[in-house]
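The residues making up each chain are set out below.
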Amino acid sequence: MEPEESERMSVLLSLILEKDIGSQKEVEIRRKTLLFKEKLDNARNENHSIFNTGSSAEGFSMRGSDNDAMIVDKAILLVNSGQQVPSDSNHDMVLLMREAENCQRGYVELELQLEFDELPAHGYIRIPPLPYAIFLAFLSYHEIGDIGRRDDCLRHLIAVKYDEDQGGHRHWIVHTLLGICYQTVGDSRRAIKAYEESLTVDIQWNPALDRIELLER
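Per chain, the residues get numbers from 1 upward, laid out in the order the sequence is written. Given that the model is predicted, a residue must reach a pLDDT of at least 70 before its local features are reported, and side-chain atom pairs must reach 80 or more before they are shown or counted; all residues, however, enter totals for whole chains, interfaces and linings. As a rule here, side-chain values come from all non-hydrogen atoms in the structure, and water together with hydrogens is ignored.

Enquirer: An account of the overall build of the protein chain is needed here, citing residue identities and associated values.
Expert: A run of DSSP states H or I qualifies as a helix once it reaches four residues; a run of E qualifies as a strand once it reaches two. Both are numbered from the N-terminal end. Each helix and strand in the protein chain was counted, giving eight helices and six strands. The order of helices and strands in the protein chain, counted from the N terminus, is α-α-β-α-β-β-β-β-β-α-α-α-α-α. A buried classification covers 33% of the 217 residues belonging to the protein chain. Note on contacts: a residue pair is in contact if any heavy atoms of the two residues lie within 4.5 Å. Taking the contacts inside the protein chain whose residues are at least 6 apart along the sequence as the reference set, 40% of them involve residues at least 24 apart. Under the scheme applied here, a residue whose accessible area is under 20% of the maximum for its type counts as buried, over 50% as exposed, and between as partly exposed, the area being computed with a 1.4 Å probe on protein chains only.

Printed below as a string of structure tokens:
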């Protein structure tokens, strides 16, 4: 390509991009505006923080591009293996990440400190990653009041319950997590049914029975 033609194509491409995503100044204004809104929203919310990522966070506004965001639940504390839980921690849930041994790919061993008076001798309860991720998303959307996406997560968790590798027939905690979701939305009947299904898989170390008793009072 001749230098003149290359320069002409570069100018044309710049004009097309500027028309589609805006000028450099407009992109910078959008990026700073979103960052300011993010900081303001996070400062006013004690329960969670939202961090925007992707093209929108960079100030681009392109057709067909989605908005990516990471939600951090401040009620959950994740501690790496070997670290101590701070004595002044007031988190609702503490998860201790352990060294993974004999785990399937995509799994992680977590030691839970939530609702359990005691744990198995090995000190952790194995949770399959997909239903756990959906459960955390459910809690996050419930916390920020996004009922539509929260209910979508509930439907996804119901579907994952039947997964061959990560479903409830192998992992009792999948039913228990589903029961907690039902309980959160106020559906006690379905919550009890989910807890009962959990107990048919394994009753040891399972808080489902305590939750049923609590709901039936």
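Picking up after the structure, the text goes on.
Enquirer: Hey, could you go over the layout of surface pockets for me, with residue numbers and the actual values?
Expert: Residues are called lining when one of their atoms sits within 4 Å of a cavity or pocket point, these points coming from a 1 Å grid over the protein atoms alone, where a cavity is a set in which a 1.4 Å probe fits but cannot get out and a pocket is an open set with protein on both sides within 12 Å along at least five of seven lines. Grid points are joined across faces, edges and corners, and a volume is the space filled by probe spheres set on the points. Each pocket or cavity is described by its volume, and for the second largest pocket that value is around 450 Å³. The wall of the second largest pocket is formed by 18 residues, among which Ile50, Asn52, Ala69, Ile71 and Arg149 lie closest to the centre. Going through the elements one at a time, helix H2 (24-44), strand S1 (48-53), strand S2 (68-73) and helix H4 (129-144) are the ones with two or more residues in the lining of the second largest pocket. Residues are sorted three ways: Asp, Glu, Lys and Arg are charged, Ala, Val, Leu, Ile, Met, Phe, Trp, Tyr, Cys and Pro are nonpolar, and all the rest, Gly among them, are polar. By residue class, the composition of the lining of the second largest pocket is seven nonpolar, five polar and six charged.

Enquirer: Tell me about the environment of Val72, and name the residues and values.
Expert: As for its placement among the helices and strands, Val72 is situated in strand S2. Distance in space between the C-alpha atoms of Val72 and Leu136 is 10.0 Å, their sequence separation being 64 residues.

Enquirer: Describe helix H8 (residues 208-215), with residues and values.
Expert: The complete set of buried residues in H8 reads Ala208, Arg211 and Ile212. The buried residues of H8 all sit within an arc of 100° when viewed along its axis, so they share a single face. In this structure, the buried residues of H8 make contact with helix H6 (172-184) and helix H7 (188-201). What the arc describes is the spread of directions from the helix axis to the C-beta atoms.

Enquirer: Describe H4, with residues and values.
Expert: Expected helix span is given by 1.5 Å per residue-to-residue step, counting one fewer step than there are residues. With 16 residues, H4 should cover 22 Å at 1.5 Å per step; its first-to-last C-alpha distance of 23 Å lies within 8% of that length. All buried positions along H4 are accounted for by Pro131, Tyr132, Ile134, Phe135, Phe138, Leu139, Ser140 and Tyr141. Among the residues trailing H4, Gly145 stands out with phi positive, at a value near 80°.

Enquirer: Requested: an account of the packing of H4 against helix H5 (residues 147-160), with residues and values cited.
Expert: Running from N to C, H4 and H5 cross one another at 160°; their axes reach a closest spacing of 8 Å. Taken as axis vectors, H4 and H5 run roughly antiparallel relative to one another. Remark: the crossing between H4 and H5 carries left-handed chirality. On H5, the residues that touch Leu130, Pro131, Ile134, Ala137, Phe138, Tyr141 and His142 of H4 are Arg149, Arg150, Cys153, Leu154, His156, Leu157 and Val160. Axis definition: a line fitted to C-alpha atoms, limited for helices to the stretch in contact. Angles are taken between N-to-C directions and run from 0 to 180 degrees. Note on terminology: angles under 35 degrees are roughly parallel, angles over 145 are roughly antiparallel, angles of 65 to 115 are roughly perpendicular, and the others are oblique. The crossing is said to be left-handed when, going from far helix to near helix, the turn is anticlockwise and less than a right angle, and right-handed when the turn is clockwise.

Enquirer: Which residues make up the pattern of salt bridges, and what are the values?
Expert: Whenever a carboxyl oxygen of Asp or Glu lies within 4 Å of a side-chain nitrogen of Lys or Arg, that contact is scored as a salt bridge. One pass over the full model with this rule turns up ten salt bridges. For Glu28, the salt bridge is made with Arg31, and the minimal N-O distance between the two is 2.7 Å. Taken together, the residues span about one helical turn, with Glu28 and Arg31 both in helix H2 at a distance of three residues. Judged by relative accessible area, which is 32%, Glu28 ranks as partly exposed. Among the residues examined, Arg31 registers a relative accessible area of 28% and is labelled partly exposed. The closest approach of N and O atoms between Arg190 and Asp187, which form a salt bridge, is 2.8 Å. When its relative accessible area of 38% is taken as the criterion, Arg190 is described as partly exposed. Ionic contacts of the salt-bridge type, sharing partners, join the residues Glu28, Arg31 and Lys32 into one network.

Enquirer: Describe a nonpolar patch on the surface, naming the residues involved and giving the relevant values.
Expert: Judged by side-chain polarity, Phe51, Met70 and Val72 come together as a nonpolar surface patch covering roughly 250 Å² of accessible area. Following the sequence through the fold, Met70 ends up in strand S2. Classification of Met70 by relative accessible area gives partly exposed; the value is 48%. Note on patches: the residues involved have over 30% relative accessible area and no salt bridge, like charges join within 9 Å, and the nonpolar side chains Val, Leu, Ile, Met, Phe, Trp and Tyr join within 5 Å. All accessible-area figures derive from a Shrake-Rupley calculation using a 1.4 Å probe, and residue coverage is judged against the displayed protein chains alone.

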